[in-house]
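Examination of the molecular architecture
Below, each chain spelled out in residue letters.
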Amino acid sequence: MTVVGPFGLSVQDQALETDVRLGLSAVEQALAEATKSDVPFITVGAQHLLHAGGKRFRPLLAILAAQFGDANAPGVVPASVVVELTHLATLYHDDVMDEASMRRGAVSANARWDNSVAILTGDFLFSRASQILADLGPEAVRLQSQAFERLVTGQILETAGPGPEDDPVRHYLDVLSGKTGSLIAVSCRLGALLAGADEYVCDILTQYGERIGIAFQLADDVLDIASDSQESGKTPGTDLREGVPTLPVLLLRAAEPDPSVPGDLRLRELTAGPIEDDELHAEALRLLRAHPALARAREETLRWSEEARALLRPLPDCSAKTALEGLCDAVALRTM
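Residues numbered from 1 in each chain as written. Predicted model: local features only at pLDDT ≥ 70, side-chain atom pairs only at ≥ 80, totals over all residues. Heavy atoms only, no water.

Digging into the overall build of the protein chain
- For the protein chain, the count of helices and strands is 17 helices and four strands.
- Here the C-alpha radius of gyration of the protein chain, 20 Å, is about what a compact globule of 336 residues would show, namely 20 Å.
- Viewed in the frame of its principal axes, the protein chain has a C-alpha envelope of about 60 × 50 × 40 Å.
- The proportion of buried residues among the 336 residues of the protein chain is 49%.
- Considering only contacts within the protein chain whose residues lie at least 6 apart along the sequence, 72% involve residues at least 24 apart.
- Accessible surface for the protein chain amounts to roughly 15500 Å². Of this, 54% is attributable to carbon and sulfur atoms.
- Seen as two clouds, the 29 positive and the 49 negative side-chain charges of the protein chain have centres 2 Å apart. (Helix = DSSP H or I, 4+ residues; strand = E, 2+ residues; numbered from the N terminus. Rg over C-alpha atoms; globule rule 2.2 N^0.38 Å. Buried < 20%, exposed > 50% of the residue type's maximum accessible area, 1.4 Å probe, protein only. Contact = heavy atoms within 4.5 Å. Areas by Shrake-Rupley, 256 points an atom, 1.4 Å probe, with all protein chains shown as cover. Lys, Arg positive; Asp, Glu negative; His and termini not counted. Charge placed at Lys NZ, Arg CZ, Asp CG, Glu CD.)

Points about the packing of aromatic side chains
- The final tally for this structure, using the stated rule, is two aromatic pairs.
- With a centroid separation of 5.0 Å and an interplanar angle of 75°, the aromatic rings of Phe 57 and Phe 216 are classed as edge-to-face. Of the two residues, Phe 57 sits in helix H4 (residues 57-66) while Phe 216 sits in helix H10 (residues 199-226), which places them 159 residues apart along the sequence. (Phe/Tyr/Trp six-rings, centres within 6.5 Å; stacked < 30°, edge-to-face > 60°.)

As for the nonpolar core
- Of all hydrophobic cores here, the largest spans 89 residues; its most connected members are Leu 61, Leu 205, Tyr 208, Ile 212 and Leu 324.
- Counting residues per element, this core draws most heavily on H10, which supplies 12 residues.
- With sequence-adjacent residues up to four places away left out, Leu 61 is seen in contact with Ile 184, Cys 188, Tyr 208, Ile 212, Leu 324 and Leu 327. (Core = buried A, V, L, I, M, F, W, Y, C linked by side-chain atoms within 4.5 Å.)

So, the side chain of Ser 177
- For Ser 177, the position within the fold is in helix H9 (residues 168-194).
- Taking relative accessible area as the criterion, Ser 177 reaches 15% and is therefore assigned buried.
- If sequence neighbours within four positions are ignored, Ser 177 has contacts with Arg 150, Ser 182, Glu 210 and Ile 214.

Digging into helix H16 (residues 292-311)
- Taking 1.5 Å per residue as the helical rise, H16 with its 20 residues ought to reach 28 Å, and the 29 Å between its terminal C-alpha atoms agrees with that figure.
- Of the positions making up H16, those classed as buried are Ala 293, Leu 294, Ala 297, Glu 300, Thr 301, Trp 304, Ser 305, Ala 308 and Leu 311. One face of H16 carries all of its buried residues, which in axial projection span an arc of 130°. (Expected span 1.5 Å × (residues − 1). Arc of directions from axis to C-beta.)

Side note on the pattern of salt bridges
- Inspection of the entire model under this criterion finds 21 salt bridges.
- Close ionic contact of Glu 28 with Arg 56 constitutes a salt bridge, the shortest N to O distance being 2.8 Å. Placement of Glu 28 in helix H1 (residues 14-34) and of Arg 56 in the loop between helix H3 (48-51) and H4 is noted, with a sequence separation of 28 residues between them.
- Overall, Glu 28 belongs to the partly exposed group, its relative accessible area being 33%. (Salt bridge = Lys/Arg side-chain N within 4 Å of Asp/Glu carboxyl O.)

A word on the state of the cysteines
- By the definition in use, this model includes zero disulfides.
- Looking at Cys 188, it has no disulfide partner, and the nearest cysteine sulfur is the one in Cys 202, 10 Å off.
- Relative accessible area serves as the criterion here: at 1%, Cys 188 is assigned to the buried category.
- Sulfur of Cys 318: no disulfide; nearest cysteine sulfur belongs to Cys 188 and is 13 Å away.
- Taking the relative accessible area as the measure of exposure, Cys 318 reaches 28% and is therefore partly exposed. (Disulfide = S-S within 2.5 Å.)

Considering the confidence of the model for the protein chain
- In this model, the protein chain carries a mean pLDDT of 90, and residues with pLDDT of at least 70 account for 92%.
- For the protein chain, per-element mean pLDDT is lowest for helix H11 (residues 229-232), which scores 46, and highest for H9, which scores 97.
- Note that pLDDT drops below 50 for residues 229-233; the model gives that stretch three contacts with residues more than four away or on any other chain. (pLDDT = per-residue confidence, 0-100.)

Okay, structure coming up:
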């Protein structure tokens with residue numbers, strides 16, 4: 001068994017392993033070229049997050065989707081670069097909006113320079129993605145444009161928050177569908193499309209990508225509460241501290257108060273807003289980890305993952321299909 005790509009993805013077929021490794025290596029080289037500018041300062045800024053690492057989840061999915069057609073088709077690697085550049089660009093903008101000081105273990109661009117530099121660097125990456133995309137044909141341009149519109153819409157929905165008549169949980173899932181699911185879905189679709197896969201295969205992989213993307217984001221919500229820093233590599237309860245309501249807290253609020261659940265009322269009080277005090281933050285983490293809301297968040301995460309797996313059933317049995325199913329298993333392992 002060989003581990004390839006993010007989240008411990010296991011690939012048991014030598015030919016597929018080779019294709020994935022070569023594909024990801026080619027993507028990495030192309031990303032390095034795409035982030036270069038004649039202006040040295042721009043190059044430093046554009047490569048800041050690139051050098052900080054990243055899972056390259058979207059290129060991986062594009063490469064796996066291409067296995068259902070001609071995996072070596074010339075458009076597969078450029079399409080993978082487009083979706084990753086788009087993702088990187090959104091991170092620069094997200095950090096400005098969130099006033100983040102760290103990203104991927106490194107100082108964020110807005111903290112290292114300033115907000116203007118971070119925003120303009122994100123715009124530079126979008127422009128480079130557009131240049132590469134233009135060579136992939138009008139259908140690829142249309143698909144990426146639609147995905148980008150959904151991504152921005154998701155961000156706006158998150159910023160605006162749910163309306164008085166909105167279900168906060170449903171609103172949150174709509175935000176994730178736009179912010180995260182859209183770009184992962186189009187990664188799968190572009191990989192399959194540019195490899196010449198049949199239309200029904202492209203449709204299935206697009207729907208799979210949307211659901212597995214949401215599942216991984218929901219798994220992050222669970223991990224933010226359930227894991228310790230040594231396990232996850234991140235400070236636990238970050239969203240809790242900042243008062244950002246993710247799925248566990250939203251499910252807590254959606255349920256009726258239950259005095260029979262230990263700490264239920266106290267937890268609702270603590271999670272009503274940001275928690276800046278370290279002792280109160282530790283108390284909230286402890287209570288939420290033991291609360292049924294966290295178990296329900298795990299169940300919801302696994303539901304999205306299983307929906308993704310079920311969508312793959314009509315596809316022909318092959319190593320790429322097995323690898324995509326393995327990503328669904330990875331969701332389950334991350335939430336345990």
